[in-house]
Amino acid sequence: MAFESLSERLNGVFKKLRGKGKLGEADIKTAMREVRMALLEADVNYKVAKDFCAQVSERAMGQEVMESLTPAQQVVKIVNEELTKLMGGDDPQTLHIKNKGQTVLMMCGLQGNGKTTHAAKLGRYYKAQGRRPLLVACDIYRPAAIDQLRIVGEQAGVPVFEMGTEKPEIIAGKAMAYARDHGNDIVILDTAGRLQIDDELMGELVRIKQAVEVDETILVVDATAGQEAVNVAKTFNEKVGITGVILTKTDGDTRGGAALSVLAVTGKPIYFQGVGEKLDALEPFYPSRMASRILGMGDVLSLIEKAQAVQNDQEAEAAARRMMSNKFDMNDMLTQFAQIKKMGGASALLAMLPGGNQISSEQLDQIDDKALPHIEAIIYSMTPEERAHPSIINPKRKRRIAAGSGQTVEDVNKLLRQFEAMQKMMKKARRNPKGFMRSMGGLRGFR
């Protein structure tokens with residue numbers, strides 16, 4: 001889970017504070033020393049960590065905390081606000097897309113950071129908004145780079161312009177003429193990367209910017225690189241002049257240093273975050289939501305948006321009616337599993353719930369998203385009657401279903417037990433909706 005170690009350390013600090021009725025200056029100093037160590041271990045820039053803790057300490061020693069009945073809550077609130085400010089403020093920074101003419105987005109970064117894939121992700125993202133993006137192959141050095149762009153472009157449903165090994169600045173210029181002739185309003189330049197920063201790479205990027213009017217120069221950096229990603233961003237900004245960042249692999253075991261440091265060090269915002277390998281795994285970067293997730297408060301807004309993206313209002317209403325009228329069957333369960341997969345899997349959804357950061361790695365490992373295809377195979381091996389009425393499934397039917405799905409009878413029994421547990425939970429919700437919601441309130445994070 002992203003930022004897991006940082007989240008655990010910060011929650012340990014706040015747990016100690018919650019054990020005290022009143023907080024003194026010594027308590028605040030001790031807590032901030034531990035917070036600073038947690039940030040440094042997360043690979044946050046030293047100056048950024050120092051300034052952050054100084055700002056929190058100044059606010060925490062004010063009246064709002066010292067005279068509060070719940071001082072620990074006030075400290076958490078201040079840390080949340082300062083983390084949000086550190087990453088860019090309450091609202092996400094968005095790319096400036098023109099209403100008329102062509103908007104040119106130049107992707108840059110080191111080799112292996114996902115530049116080509118994220119060019120296609122951006123194309124898919126804007127195509128879904130009714131735009132007509134064009135991907136341009138300006139990486140003429142890396143073997144199969146043009147083929148890769150062509151493949152991901154096709155998967156994203158976005159056309160690709162390429163001219164083989166012609167000079168990148170010439171390709172960019174010709175691509176602009178092509179875009180004007182074919183009505184493409186967003187031109188995304190996939191430039192070459194290097195294993196390390198060198199003058200040749202920087203010179204090429206500068207020549208492309210001289211050849212065409214680039215509106216946004218977007219640096220793609222690997223979040224798992226930590227402080228090194230920030231150093232790369234700083235150098236690219238000084239040499240080429242970037243306007244913003246896409247942070248990749250934020251769904252992985254990243255320490256968080258890049259997300260927390262990049263704006264403070266470069267003055268440039270994080271526009272998007274890559275949250276998976278699939279082409280739809282790209283999200284606008286919301287500093288406030290990321291701060292809440294780091295502090296264990298969840299990211300319910302993003303969870304709702306994911307749900308809305310995979311299920312329309314009519315489908316959601318129909319599903320709710322079936323659940324509340326005791327008509328929930330295996331077909332509905334199959335539909336729910338399909339939506340969970342579309343939303344990134346069960347573990348990804350849990351991470352967005354309040355308190356999700358308190359679920360241990362061992363517990364998350366037990367939530368095996370790879371098991372979903374096996375569960376689907378079991379349900380598909382049932383007859384329509386068995387799916388609608390699972391209670392009729394006797395030992396003989398179980399053996400047939402297990403054989404048909406390539407699973408064991410115990411796997412079938414386990415699924416049936418899970419289904420029965422879901423039915424019981426729904427009956428409880430129908431009998432006492434308010435009581436049910438209270439019983440589900442255990443994952444609220446800080447109170």
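Our subject in this report is the structure included herewith. Please read these numbers as outputs of a predicted model, since none were measured by experiment. Residue numbers run consecutively from 1 along every chain, following the written order of its sequence. Totals for whole chains, interfaces and linings use all residues, but because this is a predicted model, local features are given only for residues with pLDDT of at least 70 and pairs of side-chain atoms are given and counted only at 80 or more. For the side-chain quantities, the full set of heavy atoms in the structure was used; hydrogens and water were omitted.

## Describing the pattern of salt bridges
Selection rule: Salt bridges, as used here, are contacts in which a Lys or Arg side-chain nitrogen is within 4 Å of a carboxyl oxygen on Asp or Glu. Under the scheme used here, helices are H or I runs from DSSP no shorter than 4 residues and strands are E runs no shorter than 2 residues, and both carry numbers assigned from the N terminus. Categorising residues by exposure relies on relative accessible area from a 1.4 Å probe, with only protein chains included: less than 20% of the type maximum marks a residue as buried, more than 50% marks it as exposed, and the intermediate range marks it as partly exposed.
All chains considered together, the criterion is met by 21 salt bridges. Two residues, Lys85 and Glu82, come together in a salt bridge whose shortest N-O distance is 3.4 Å. With Lys85 and Glu82 both in helix α5 (residues 71–87) and three residues apart, this pair spans about one turn of that helix. Between Arg397 and Glu386 there is a salt bridge, with its nearest N and O atoms 2.8 Å apart. Taken together, the residues span a long stretch of sequence, with Arg397 in helix α20 (residues 395–405) and Glu386 in helix α19 (residues 384–388) at a distance of eleven residues. The exposure class of Glu386 is buried, given its relative accessible area of 0%. Because the salt bridges share partners, they merge into one network encompassing Arg59, Lys77, Glu81, Glu82 and Lys85.

## Some words on the packing of helix α1 (residues 4–18) against α5
This is how the line gets drawn: Axis lines are fitted to C-alpha atoms, over the contacting stretch for helices. Their N-to-C directions set the angle, which ranges from 0 to 180 degrees. In this scheme, roughly parallel covers angles under 35 degrees and roughly antiparallel covers those over 145, while 65 to 115 is roughly perpendicular and the rest are oblique. The contact criterion used throughout is that any non-hydrogen atoms of two residues lie within 4.5 Å. Residues were grouped as follows: Ala, Val, Leu, Ile, Met, Phe, Trp, Tyr, Cys and Pro as nonpolar; Asp, Glu, Lys and Arg as charged; and all remaining residues, including Gly, as polar.
With their axes 8 Å apart at the nearest point, α1 and α5 run at an angle of 150° to one another. Taken together, the axes of α1 and α5 lie roughly antiparallel to each other. Where α1 abuts α5, its residues Phe14, Leu17 and Arg18 lie against Ala72, Val75, Val76 and Val79. Its residues assigned to classes, the contact of α1 with α5 shows six nonpolar, no polar and one charged.

## Description of the environment of Leu334
Checked against the element boundaries, Leu334 lands in helix α15 (residues 330–342). Placed 41 residues apart in sequence, Leu334 and Ile375 show a C-alpha to C-alpha distance of 8.5 Å.

## With respect to empty space enclosed by the protein
Note the threshold: A 1.4 Å probe that fits but cannot get out identifies a cavity on a 1 Å grid over protein atoms alone, an open set with protein on both sides within 12 Å along at least five of seven lines counts as a pocket, and a residue lines either if it has an atom within 4 Å of a point. Grid points are joined across faces, edges and corners, and a volume is the space filled by probe spheres set on the points.
According to the stated counting rule, one finds two cavities of 30 Å³ or more in the structure shown. Of the volumes computed, that of the second largest cavity is approximately 30 Å³. Surrounding the second largest cavity, Met87, Gly88, Asp91, Pro92, Gln93, Pro269, Ile270, Phe285 and Pro287 form its lining. Per-class residue counts for the lining of the second largest cavity are six nonpolar, two polar and one charged.

## Concerning the nonpolar core
Quick note on the threshold: By nonpolar core we mean a set of buried residues, namely Ala, Val, Leu, Ile, Met, Phe, Trp, Tyr and Cys, connected to one another through side-chain atoms within 4.5 Å.
The biggest cluster of nonpolar side chains holds 72 residues, and the ones touching the most others in it are Phe14, Leu39, Phe52, Val136, Leu189, Phe236 and Leu260. Ranked by the residues each element gives to this core, the list is headed by α5, at eight residues. In contact with Phe52, not counting residues within four places along its chain, are Val35, Leu39, Val79, Glu82, Leu83 and Leu86. By size, the runner-up hydrophobic cluster in this structure holds 24 residues, among which are Ala120, Leu135, Val220 and Tyr271.

## Looking at helix α11 (residues 257–266)
Of all ten residues in α11, seven are buried; the element is thus mostly enclosed. Among the residues of α11, those classed as buried are Gly257, Ala258, Ala259, Leu260, Ser261, Val262 and Thr266. With its phi angle positive at about 80°, Gly267 sits one or two positions after the end of α11.

## Quick word on the sheet that holds strand β1 (residues 103–108)
Operational definition: Pairing between strands is defined by DSSP: at least two bridges between them are needed.
Strand order in the open sheet formed by eight strands is β3-β2-β4-β1-β5-β6-β7-β8, and the pairing between neighbours is mixed. Looking at strand neighbours, the two that pair on one side only are β3 (160–161) and β8 (282–284), the edges of this open sheet. Two strands pair when backbone bridges link them, and strand β7 (residues 270–274) and β8 are joined in this way by three bridges, in the antiparallel orientation. Each residue of the ladder has a partner; that of Gln273, found in β8, is Glu283. Against the sheet, helix α9 (residues 199–211) engages β1, β2 (133–138), β4 (186–191) and β5 (216–222), with an angle of about 175° to β1.

## Thoughts on the packing of aromatic side chains
Heads up, the rule is: Aromatic pairs are defined between Phe, Tyr and Trp rings, using the six-membered ring for Trp, whenever the two ring centres lie within 6.5 Å; interplanar angles under 30 degrees are classed as stacked, those over 60 as edge-to-face, and all others as tilted. Charge-over-ring placement is defined geometrically: NZ (Lys) or CZ (Arg) within 6 Å of the ring centre, and within 35 degrees of the ring normal.
Here the structure, examined in full by the defined rule, presents three aromatic pairs. Centre to centre, the rings of Tyr125 and Tyr126 are 5.1 Å apart; their planes meet at 90°, and the pair counts as edge-to-face. Taking the relative accessible area as the measure of exposure, Tyr125 reaches 23% and is therefore partly exposed. Ring centres 5.2 Å apart and planes at 50° place the aromatic pair Phe161 and Tyr178 in the tilted group. With a gap of 17 residues between them, Phe161 in strand β3 and Tyr178 in helix α8 (residues 168–182) connect regions that are remote in the sequence. Members of the aromatic cluster, connected to one another through ring pairs, are Tyr125, Tyr126 and Phe272. Over the face of the ring belonging to Tyr286 we find Arg289, whose NZ or CZ atom lies 3.6 Å from the ring centre.

## Quick look at the side chain of Thr248
Along the chain, Thr248 falls in strand β6 (residues 244–248). Sequence-distant contacts of Thr248, that is, excluding residues within four places in its chain, are made with Asn113, His118, Val220, Val221, Asp222, Ala223 and Gly274.

## Comments concerning α20
Cut-off, in case you're wondering: The reported arc concerns the directions from the helix axis to the C-beta atoms and nothing else.
Lys398, Ile401, Ala402 and Ser405 are the residues of α20 that are buried. Relative to the axis of α20, the buried residues are bounded by an arc of 100° and lie together on one face. Residues of α20 that are exposed and point more than 90 degrees away from the buried face comprise Lys396, Arg399, Ala403 and Gly404. Phi for Gly406, located one or two positions after α20, is positive at around 75°.

## Considerations on the pairing of β7
In terms of residue burial, β7 counts as a mostly covered element, since five of its five residues are buried. Judged from the three bridges that link them, β6 and β7 form a sheet pairing that is parallel. Looking across to β7, one finds that Val245 is bridged to Ile270.

## What about the pairing of β5?
Each regular strand shows side chains that alternate between the opposite faces of the sheet. We apply this condition: We call a crossover right-handed when, viewed with the strands running away from us, the connection from the first strand over the helix to the second turns clockwise.
Among the seven residues that make up β5, seven are buried, leaving the element largely enclosed by the rest of the structure. Neither face of β5 is left uncovered, since the one carrying Glu216, Ile218, Val220 and Asp222 and the one carrying Thr217, Leu219 and Val221 both have all their residues buried. For β5 and β6, the ladder comprises five bridges, and the chain directions are parallel. Bridge pairing links Asp222 to Thr248 in β6. Of the crossover connections in this fold, the one passing from β5 over helix α10 (residues 227–239) to the parallel β6 is right-handed.

Function cannot be read off these values alone, since they describe shape.
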